[in-house]
Amino acid sequence: MIKSEIMAIGPEAVSAKEPMLILFDETASERLREVSVIQRFENDATKNYDLQVGSKIQIDAKEYTVKYLGELVESNLTSIGHTVFNFKELPSKDHLQENVIYLEPHVLPQIKVGSQIIYGH
């Protein structure tokens, strides 16, 4: 299980039209910070990574189930704190992206600086 805290939310990071969150750690460039949610890991992501389809991800009190986990999620998350949470229905296989975690229920959470994310519990 990985735990993180949201440290910053870019001015263009949350949109009701696009139910997704782009996450990076604190090494993100200023340009990425504009459209991203910046997280700080509370424990070692490399040692504690255990996500798979069916795992739970909790954002504050809201719990989600992983419906799809792209092949690049583990390497991106453990190296630069990057992934994308997508809250839409799963697209057809040829439209899946390899850095995305598709989550259910399909409801964009209310997040704030200080929100907690628990990956894989």
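Refer to the preceding data block for the structure.
Numbers given for residues are sequential positions, taken from 1 along each chain in its written order. For this predicted model, a pLDDT threshold of at least 70 governs which residues receive local features, and a threshold of 80 or more governs which side-chain atom pairs are given and counted, while totals over whole chains, interfaces and linings are taken from all residues. Calculation of side-chain values draws on the structure's entire complement of heavy atoms; hydrogens and water are dropped beforehand.

## Here we look at the packing of aromatic side chains
The description of two aromatic rings rests on the distance between their centres and on the angle between their planes. Ring pairs shown here join Phe, Tyr and Trp side chains whose ring centres sit within 6.5 Å, with only the six-membered ring taken for Trp; geometry is labelled stacked below 30 degrees between planes, edge-to-face above 60, and tilted in between. Per the stated rule, a full pass over the model turns up five aromatic pairs. Arranged with centres 6.0 Å apart and planes meeting at 65 degrees, the rings of Tyr68 and Tyr102 form a pair that is edge-to-face. Of the two residues, Tyr68 is situated in strand β5 (residues 62-69) and Tyr102 in strand β7 (residues 100-104); the sequence distance between them amounts to 34 residues. Both residues of the pair, Tyr68 and Tyr102, count as buried. Judged by centre distance (6.5 Å) and plane angle (80 degrees), the ring pair of Phe85 and Phe87 falls under edge-to-face. Relative accessibility under 20% of the residue-type maximum defines a buried residue, over 50% an exposed one, and the middle range a partly exposed one, all with a 1.4 Å probe and only protein chains included. Phe85 sits in the buried class, given a relative accessible area of 0%. In this scheme, Lys NZ or Arg CZ marks a charge over a ring once it lies within 6 Å of the ring centre and within 35 degrees of the ring normal. Directly above the aromatic system of Tyr64 lies the positively charged group of Lys62, at a separation of 5.9 Å from the ring centroid. Every helix listed is a DSSP run of H or I at least four residues long, and every strand listed is a run of E at least two residues long, numbered separately from the N terminus.

## A closer look at the sheet that holds strand β1 (residues 2-9)
Adjacent strands of a sheet form backbone hydrogen bonds with each other and so pair up, either parallel or antiparallel. In this analysis, strands are considered paired if DSSP registers two or more bridges between them. The mixed closed barrel is built from eight strands, whose spatial order is β1-β3-β2-β6-β7-β5-β4-β8. Across the sheet, the axes of successive neighbouring strands diverge by a mean angle of 35 degrees, strand direction being ignored. Bridging between strand β2 (residues 20-24) and strand β3 (residues 37-41) involves two bridges; their strand directions are parallel. Bridge pairing in β3 links Leu23 to Val37. An axis is simply a line fitted to the C-alpha atoms; with a helix, the fit covers only the stretch in contact. Between two such axes, the angle follows the N-to-C directions and lies from 0 to 180 degrees.

## Focus: the nonpolar core
Considering soluble globular proteins, one finds that nonpolar side chains tend to be buried as a cluster. By size, the foremost hydrophobic cluster in this structure holds 23 residues, and its most contacted members are Ile57, Phe85, Ile101 and Tyr119. At the level of secondary structure, the elements contributing two or more residues to this core comprise β1, β2, β4 (56-59), β5, α3 (73-80), β7 and β8 (116-119). Formed by five residues, the second largest nonpolar core is a distinct cluster that contains Val84, Leu96, Val100 and Tyr102. Joining through side-chain atoms within 4.5 Å is the link that ties buried Ala, Val, Leu, Ile, Met, Phe, Trp, Tyr and Cys residues into a set, and such a set is a nonpolar core.

## Some points on unusual backbone geometry
Following Glu104, the chain continues to Pro105 via a peptide bond in cis, the omega torsion being 10 degrees. With a phi angle near 55 degrees, Asp60 is a residue other than glycine that sits in the positive phi range. If you trace the backbone, Asp60 turns up in the loop between β4 and β5. Note on Asp60: relative accessible area 25%, which makes it partly exposed.

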